[in-house]
Amino acid sequence: ALGDVTIEVVGGKIRVEKETSPYHLCSIQGWVQYANIPIVCLPNHIVIIIENGKVNPDDPDVSS
């Protein structure tokens, strides 16, 4: 919506490398490697979800 968004994938992790938004909230989120932690980039209308991946074992919403 605001411009191009560059996504980088390395070694099972993903991040928003470059984007155009007023506060760069999308790229500030950094690297994500777990399926239960999405990258949400509302200024650019983008949500990135890792499918079929591991979940963060430290997440209190994940039951063992």
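Structure first, text after, so check above.
Residues numbered from 1 in each chain as written. Predicted model: local features only at pLDDT ≥ 70, side-chain atom pairs only at ≥ 80, totals over all residues. Heavy atoms only, no water.

Colleague: When you look at the nonpolar core in this model, what are you seeing that I'm missing?
Modeller: The tendency in soluble globular proteins is for nonpolar side chains to be buried side by side. Judged by nonpolar contacts, Ile 14, Val 16, Cys 26, Val 32, Ile 39, Cys 41 and Ile 48 together constitute the single largest core of seven residues. Non-local contacts of Cys 41, meaning those with residues more than four positions away in its chain, are made with Cys 26, Gln 29 and Ile 46. (Core = buried A, V, L, I, M, F, W, Y, C linked by side-chain atoms within 4.5 Å. Buried < 20%, exposed > 50% of the residue type's maximum accessible area, 1.4 Å probe, protein only. Contact = heavy atoms within 4.5 Å.)

Colleague: So what exactly am I meant to see when it comes to the pairing of strand β1 (residues 6-10) here?
Modeller: Regular strands place side chains that alternate from one sheet face to the opposite one. Sheet topology places β1 next to strand β2 (residues 13-18); five bridges connect them, and they run antiparallel. Each residue of the ladder has a partner; that of Val 10, found in β2, is Lys 13. Between β1 and β2, which follow one another and run antiparallel, lie two residues, and Gly 11 among them has a positive phi close to 55 degrees. (Pairing = 2+ DSSP bridges. Helix = DSSP H or I, 4+ residues; strand = E, 2+ residues; numbered from the N terminus.)

Colleague: Looking at this structure, how should I read the side chain of Glu 19?
Modeller: As for its placement among the helices and strands, Glu 19 is situated in the loop between β2 and α1 (25-28). Despite its burial, Glu 19 pairs with no opposite charge; the closest candidate is Arg 15, at 10 Å N-O. For Glu 19, the side chain forms a polar contact with the side chain of Ser 27, separated by 3.0 Å. Leaving out residues up to four positions away in the same chain, Glu 19 has contacts with Asp 4, Val 5, His 24, Leu 25, Cys 26, Ser 27 and Asn 44. (Lys, Arg positive; Asp, Glu negative; His and termini not counted. Salt bridge = Lys/Arg side-chain N within 4 Å of Asp/Glu carboxyl O. Polar contact = N/O pair within 3.5 Å; in protein donor to acceptor, adjacent residues only side chain to side chain.)

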